[in-house]
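# Coordinate analysis (summary)
Residues per chain, in single letters:
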Amino acid sequence: MTKPWWVYVVKCADDSLYTGITTDVRRRVEEHNKSTKGAKYTRSRRPVRLMTYIPHVDRSAASSAEHSFKKLTRKQKLDFIEEFCVTCSCIPCDCDWGN
């Protein structure tokens, strides 16, 4: 079985949102916060907090979803995150959407 790909959204210290894809959300958020492997955008906006992550079957699907998500306005992104997290609230996660 292959690992799922995830679209994840983090909130940066300057309150901006960053969206990316990965197969390991915890590792990727840690990279954004502690290493040079994090995106250039987030390196100057640390710390970042995980807002949500959404599973996809493969890299192609995750990339497509990331591209679509990045086209949304900030309000649309926050509304989506809140709605998605309420829907999936039965699954324990590290998301910080309510703060």
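The structure reproduced in this document is the subject of the present report. Since the structure is predicted, the reported quantities are computational estimates derived from the model, not experimental observations. (Residues numbered from 1 in each chain as written. Predicted model: local features only at pLDDT ≥ 70, side-chain atom pairs only at ≥ 80, totals over all residues. Heavy atoms only, no water.)

## Quick word on the side chain of Thr-19
With respect to the helices, strands and loops of the structure, Thr-19 is situated in strand S2 (residues 17–22). Dropping the residues within four chain positions of it, Thr-19 is found in contact with Val-7, Tyr-8, Val-9, Glu-66, Phe-69 and Lys-70. (Helix = DSSP H or I, 4+ residues; strand = E, 2+ residues; numbered from the N terminus. Contact = heavy atoms within 4.5 Å.)

## Details of the side chain of Arg-28
On the secondary structure map, Arg-28 appears in helix H1 (residues 25–34). Residue Arg-28 is classed as buried on the basis of its relative accessible area of 14%. The residues touching Arg-28, leaving out its near neighbours within four places in the chain, are Tyr-8, Thr-22, Lys-37, Gly-38 and Ala-39. (Buried < 20%, exposed > 50% of the residue type's maximum accessible area, 1.4 Å probe, protein only.)

## Brief notes about the sheet that holds strand S1 (residues 5–11)
Spatially, 3 strands are ordered S2-S1-S3 in an open sheet, and the strand pairing comes out antiparallel. Unpaired on one side and paired on the other, S2 and strand S3 (49–56) mark the two borders of the sheet. Direction aside, neighbouring strands of the sheet carry axes that sit 20° apart on average. Note that S1 and S2 share 6 bridges and pair antiparallel. Looking at the pairing, Val-7 lines up with Ile-21 of S2. Across the sheet, H1 is in contact with S1, S2 and S3; its angle to S1 comes to roughly 35°. Most of the contacts of helix H3 (residues 59–70) go to S2, to which it runs at about 170°, and overall it touches S1, S2 and S3. (Pairing = 2+ DSSP bridges. Axes fitted to C-alpha atoms, helices over the stretch in contact; angles between N-to-C directions.)

## Re the pattern of salt bridges
One pass over the full model with this rule turns up 7 salt bridges. Note that Glu-66 is salt-bridged to Lys-70, the shortest N-O span being 3.1 Å. In this pair, Glu-66 and Lys-70 both sit in helix H3, 4 residues apart, roughly one turn of the helix. Linked through salt bridges whose partners overlap, the residues forming this network are Lys-11, Asp-15 and Arg-74. (Salt bridge = Lys/Arg side-chain N within 4 Å of Asp/Glu carboxyl O.)

## Focus on unusual backbone geometry
With an omega of 0°, the peptide bond running from Arg-46 to Pro-47 counts as cis. Following the sequence through the fold, Pro-47 ends up in the loop between helix H2 (40–43) and S3. Notably, Asp-15 is not glycine yet its phi reads approximately 75°, a positive angle. One can find Asp-15 in the loop between S1 and S2.

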